[in-house]
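Single-letter residue listing:
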Amino acid sequence: MREQALQRLRDIFGYGEFRGHQADIIDQVATGGDALVLMPTGGGKSLCYQIPGLLREGLTVVVSPLIALMDDQVATLNELGLRAAALNSTLDEIERRDIAERLRRGEMDFLYLAPERLLKPRTLQFLQSLDIALFAIDEAHCVSQWGHDFRPEYLQMGQLAELFPGVPRMALTATADERTREEIAQRLRLEDAKRFVSGFDRPNIFYRIVPKDRPRQQLLGFLKDQRGNAGIVYCLSRKKVEDTAQWLSDQGWPALPYHAGLPPELRAYHQKRFLNEEGLIMVATIAFGMGIDKSNVRFVAHLDLPKSIEAYYQETGRAGRDGLPADAWMAYGLQDVLMLNQFMANSDGDERHKRIERHKLDAMLALCEITTCRRQSLLGYFGDILDEPCGNCDNCREPAATWDGSEAARMALSTVYRSGQRYGVGHLVDILLGRDNEKIRTAGHQHLSTYGIGKQWSEQDWRSVFRQLIARGLAEIDLDGFGSLRLSDTCRPLLRGEESLALRKDVSRTASVPSRSSDKPVIAEADKALWENLRALRKRLAEAHGVPPYVVFADSTLVDMLRQRPTTLQDMALVSGIGAHKLERYGADFLQVLLEEGGAETAAPAHQAHEVQALAQAGMEAQQIARQTGLPIRQVYQKLAQAISIGQLDLHQVIDLPPGQLERIQDLFLNEAEEDLPGVRAVAQELDEPVEEGVLHCIRAALVLEISG
Ligand code: ADP
Ligand code: ZN
């Protein structure tokens, strides 16, 4: 069985080896056993039922809660040359009948269904008349009443056990916690299923959490390194989603809003664009997410604090399913905590439930404020032990400086106490800084012994102190008040001076920090142009086939192509993610781009063009590039102009003219009433002050692109 499985993996999917538990899981199910599979996002769950489905006789039925997800999976399978379809409400009667007919004739390998459709007596009856190879229940955590993805229909899926005796069943999920696991086993009647639990680490995700301070500017700072990347920006409220999306668009970022309050058609349209286009930013509430199968989401940014570590893990987990480096970035502040607290206070639900939610928020907060490895702490929360600090989070990269905050903490805590444990952070800071305002005077707080004793620290410092006191459970936010703080029991030893407290020193907020491993970018600077050409080809092919680009080839496949530089179709077949069908379909097209772009040494000029372009992108001026590459300056400009003309280089990366001059030159080019732009010589003669001809070539190239594009 194992041999056959491996062969399918290589021939059809184009991958060299199984990952993690895949081989064992496939073995278990292909030989007729049941399985419960817990694997992080991007771990490769789909293969775990797709390969057994191919090895066993008959139809594999995949239950999945979201239509968008199904369509994606079906497209992916079709691209691999497999026979798959989804039965859902978007089909009309004729299409439905056609699928049913093919099912009856046994001409289908995979059928995707939503649970509510599966459970219809008619569907069940129909399926019983077919030869079923396997049931795969995806997103199995939807069975959990405690989770936020709960789907009541999942509760009834246990009946498959009786209705289809002898047909193996497997449940798959990326949700980590123990309780959900037990619920799945019990509700889906998989008590005896073999369990496969993978670690929950997402090693390719870089975690960074920063204190919130002018969050939009901070977001821009983060996005600076993300040009051209697709990503999600999460906000708590619908209004903030819309404002942020608008604002990002105004700043020149391609951003779309998504939340449950938008008309369904618009929502679907935005989702579709996000999946199909490259480099879009989705600004969204948590309504956006489950079922986003897009494998090349490069970042997830949070402008507001998620309400639990589970939510944080799940949301950030949407980045980097393709295994390439990805970023999880968050800016959080105390205001977020107050807001979430208020939500909780106002939500219905019993006291016990609220207490649980409260604890989850506390844990989330603690993760924000720790000074040690984020990943260790994150995984530890789910019971996964990571022996060493990860080296791929902010705290590992730039160890947080700490300071002895014992004295400040004592000042802060006694201010809380002396003012009657009835005030929020803003007012407490006012007291500590000795500010004079109405609220202070009304309460008579200018007479407190702590009034004005904290002047050696700034307002920012004090806010940071309070945040950390709360995160460490030394002070608590009152649940039903207006963010008032009170002391918790654990702060006594500190107040009495028996304990000291090391606090995190917040890094300078304006300093821009690299978003992740900027020391080793995924695409080498010299490969950027080729990378873009490969992506452009992928996009064209995807449009022609009516599928999202990542269904044609994952980013990781393109990256491997760059690394391997195949020069023949045989070599092309060795690239990860290229199976027989895709090789036949797309191999030649991609090979052509690779060869044109001249990895080959004979094509030295093309190679130099990359170098020139890369140096320009790195901020070098033409003269410097000429020195560096040994090319004559004219040739440097020629290559720059060429790159500009195909949109691979921005004009402003190349030229730097005094204000007004660029506009004058552009006007000269455009003033001629002819069809074609005048040549650079003609324009050069009209100019009062001499400008390098190469510069004119570049300006002209940009205009040509603008006019034709
Ligand atoms: P999950 O459903 O667990 O989030 P997917 O099934 O979507 O993950 O797989 C994530 C990515 O990893 C996909 O692009 C998939 O093709 C790829 N993948 C899965 N298994 C392997 C493997 N053995 N080798 C290489 N890539 C793999
Ligand atoms: Zn770390």
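It should be emphasised that the depicted structure is a prediction, and the values quoted were computed from it without experimental measurement.

Rules of the game
Residues numbered from 1 in each chain as written. Chains lettered and ligands numbered in written order. Predicted model: local features only at pLDDT ≥ 70, side-chain atom pairs only at ≥ 80, totals over all residues. Heavy atoms only, no water. Donors = N, O, S within 2.8 Å, 3.2 Å for Na, K, Ca; no water. Tetrahedral: all angles 85-135°; square planar, octahedral: opposite > 155°, others 65-115°. Helix = DSSP H or I, 4+ residues; strand = E, 2+ residues; numbered from the N terminus. Buried < 20%, exposed > 50% of the residue type's maximum accessible area, 1.4 Å probe, protein only. Contact = heavy atoms within 4.5 Å. Polar contact = N/O pair within 3.5 Å; in protein donor to acceptor, adjacent residues only side chain to side chain. Near = heavy atom within 4 Å. Areas by Shrake-Rupley, 256 points an atom, 1.4 Å probe, with all protein chains shown as cover. Nonpolar A, V, L, I, M, F, W, Y, C, P; charged D, E, K, R; others polar. Salt bridge = Lys/Arg side-chain N within 4 Å of Asp/Glu carboxyl O. Pairing = 2+ DSSP bridges. Axes fitted to C-alpha atoms, helices over the stretch in contact; angles between N-to-C directions. Domains from an automatic or database assignment. Buried area = accessible area lost by both parts, 1.4 Å probe. Expected span 1.5 Å × (residues − 1). Parallel < 35°, antiparallel > 145°, perpendicular 65-115°, else oblique. Left-handed = near helix turned anticlockwise from the far one by under 90°. Core = buried A, V, L, I, M, F, W, Y, C linked by side-chain atoms within 4.5 Å. Phe/Tyr/Trp six-rings, centres within 6.5 Å; stacked < 30°, edge-to-face > 60°. Lys NZ or Arg CZ within 6 Å of the ring centre and 35° of its normal.

## Details of the coordination of the zinc ion (ligand 2)
The protein atoms that coordinate the zinc ion (ligand 2) are C373 (SG), C390 (SG), C393 (SG) and C396 (SG), at distances spanning 2.3 to 2.4 Å. Coordination at the zinc ion (ligand 2) is tetrahedral: its four donor atoms span angles of 101 to 119° at the metal. Donor residues binding the zinc ion (ligand 2) come from one chain and are separated in sequence as C-x16-C-x2-C-x2-C. Here the residue C373 occupies a position in the loop between α15 (351–369) and α16 (374–381), and C393 occupies one in the loop between α16 and α17 (394–397), the gap between them amounting to 20 residues.

## Considering the side chain of R538
Structurally, the position occupied by R538 is in helix α23 (residues 528–545). By relative accessible area, R538 is classed as buried at 0%. The contacts of R538, once residues within four sequence positions are left out, are E278, N296, P549, Y550, V552, F553, A554, D555, L558 and F590.

## Describing the side chain of R375
With respect to the secondary-structure elements, R375 resides in helix α16. Taking the relative accessible area as the measure of exposure, R375 reaches 2% and is therefore buried. Reaching out from R375, the side chain makes a polar contact with the side chain of D201 at a distance of 3.1 Å.

## Examining the site of ligand 1
Around ligand 1, a shell composed of 14 residues is seen, among which Y15, G42, K45, S46 and R321 lie nearest. G43 has a polar backbone atom sitting 3.4 Å from an oxygen atom of ligand 1. Surface burial for ligand 1 is 84%, taken as the share of its 560 Å² of free accessible area covered by protein chains. In terms of residues, the shell around ligand 1 owes the most to one element, helix α3 (residues 45–55), which gives three residues. For the shell around ligand 1, a count of residues per class yields four nonpolar, six polar and four charged.

## Considering the pattern of salt bridges
Tallied over the entire structure, the rule returns 41 salt bridges. For the salt bridge of E93 with R97, the shortest nitrogen-to-oxygen distance reads 3.9 Å. Here the residue E93 and the residue R97 both occupy positions in helix α5 (residues 93–104), the gap between them amounting to four residues, near one helical turn. One continuous salt-bridge network, built from bridges that share partners, spans E278, R298, D322, E532, R535, R538 and D555.

## Some thoughts on the environment of I232
Looking at where I232 falls in the secondary structure, it is placed in strand β9 (residues 230–234). Under the relative-accessibility criterion, I232 is labelled buried at 0%. Separated by 65 residues in the primary sequence, I232 and V297 have C-alpha atoms spaced 7.6 Å apart.

## Some words on the sheet that holds strand β1 (residues 35–38)
Strand order in the open sheet formed by seven strands is β3-β4-β2-β5-β6-β1-β7, with parallel pairing between adjacent strands. If you trace the sheet from one side to the other, it starts and ends with β3 (84–87) and β7 (194–197), each paired once. Neighbour-to-neighbour, the strand axes of this sheet turn through a mean angle of 20°, independent of strand direction. Here strand β2 (residues 59–63) runs beside strand β5 (residues 132–137); their pairing, made up of five bridges, is parallel. Bridging from a neighbouring strand, V62 pairs with A136 of β5. Where helix α2 (residues 22–30) meets the sheet, its contacts fall on β1, β5, β6 (169–173) and β7, and the angle it forms with β7 comes to roughly 160°.

## Focus on the domain arrangement of the chain
Taken as a whole, the chain is organised into domain 1 (2–197), domain 2 (205–332 + 370–397), domain 3 (402–504) and domain 4 (525–708). Approximately 1,200 Å² of surface area, both sides summed, lies buried where domain 1 meets domain 2, with 57% of it carried by carbon and sulfur atoms. When the buried surface of domain 1 facing domain 2 is broken down by residue, T41, D72 and H148 rank first, second and third, together holding 31% of it. For the pair domain 1 and domain 2, the interface holds zero salt bridges.

## What about α23?
The end-to-end C-alpha separation of α23 is 26 Å, in line with the 26 Å expected for 18 residues at 1.5 Å each. Among all positions of α23, only A529, L530, W531, N533, L534, R535, L537, R538, L541 and A542 are buried. Just beyond α23, the residue with positive phi is G546, at close to 65°.

## Focus: the packing of helix α18 (residues 406–418) against helix α19 (residues 425–432)
For any two helices packed against each other, one specifies the crossing angle of their axes together with the interaxial distance. At their nearest, the axes of α18 and α19 sit 10 Å apart, and the two run at 115° to each other. Relative to α19, the element α18 lies roughly perpendicular. As for the relative orientation of α18 and α19, their crossing is right-handed in sense. In this structure, α18 contributes M411, A412, T415 and V416 to the contact, and α19 contributes L428, I431 and L432. For the contact of α18 with α19, the class distribution of residues is six nonpolar, one polar and no charged.

## Here's the deal with the environment of G380
Summarising the element assignment, G380 is placed in helix α16. Using a relative accessible area of 41% as the deciding quantity, one classes G380 as partly exposed. For G380 and L583, which are 203 residues apart along the polypeptide, the C-alpha to C-alpha distance reads 42 Å.

## Structural notes on the nonpolar core
Side chains that are nonpolar tend, in soluble globular proteins, to be buried together. By size, the foremost hydrophobic cluster in this structure holds 91 residues, and its most contacted members are L118, L127, L305, W462, F466 and L469. Other than its neighbours up to four places away in sequence, W462 contacts A408, M411, A412, V429, L432, L433, G454 and W457. Grouped together as the second largest cluster of nonpolar side chains are 42 residues, W531, L541, I578 and Y586 included.

## A few points about the pairing of β9
The element β9 is largely enclosed, with a buried count of five among its five residues. Of the two faces of β9, the one holding A230, I232 and Y234 and the one holding G231 and V233 are both buried throughout. Bridge analysis of β9 against strand β12 (residues 297–302) gives five bridges, and the strand direction is parallel. In the sheet register, Y234 faces β12, and the bridge partner there is H302. Both β9 and strand β11 (residues 281–284) contribute to a ladder of four bridges, which runs parallel.

## Looking at unusual backbone geometry
Here R189, not a glycine, exhibits a phi torsion of approximately 55°, which is positive. Along the chain, the position of R189 falls in the loop between α9 (178–187) and β7. You will see that R565, though not glycine, has its phi angle at about 45°, which is positive. Here R565 lies in the loop between α25 (555–564) and α26 (569–572). In this structure R565 comes out as partly exposed when scored by relative accessible area, which is 28%.

## Regarding the packing of aromatic side chains
In total, this model carries 13 aromatic pairs according to the counting rule given. On the basis of an interplanar angle of 45° and a centroid distance of 6.2 Å, the ring pair of Y207 and Y312 is categorised as tilted. On the criterion of sequence distance, the pair formed by Y207 in strand β8 (residues 205–211) and Y312 in helix α13 (residues 309–316) is long-range, its members being 105 residues apart. Grouping residues by exposure puts Y207 and Y312 together as buried. The positively charged end of R227 is found above the aromatic ring belonging to W253, 3.8 Å away from the centroid. Between K294 and the ring centre of F274, over which it is positioned, the NZ or CZ distance is 5.4 Å.

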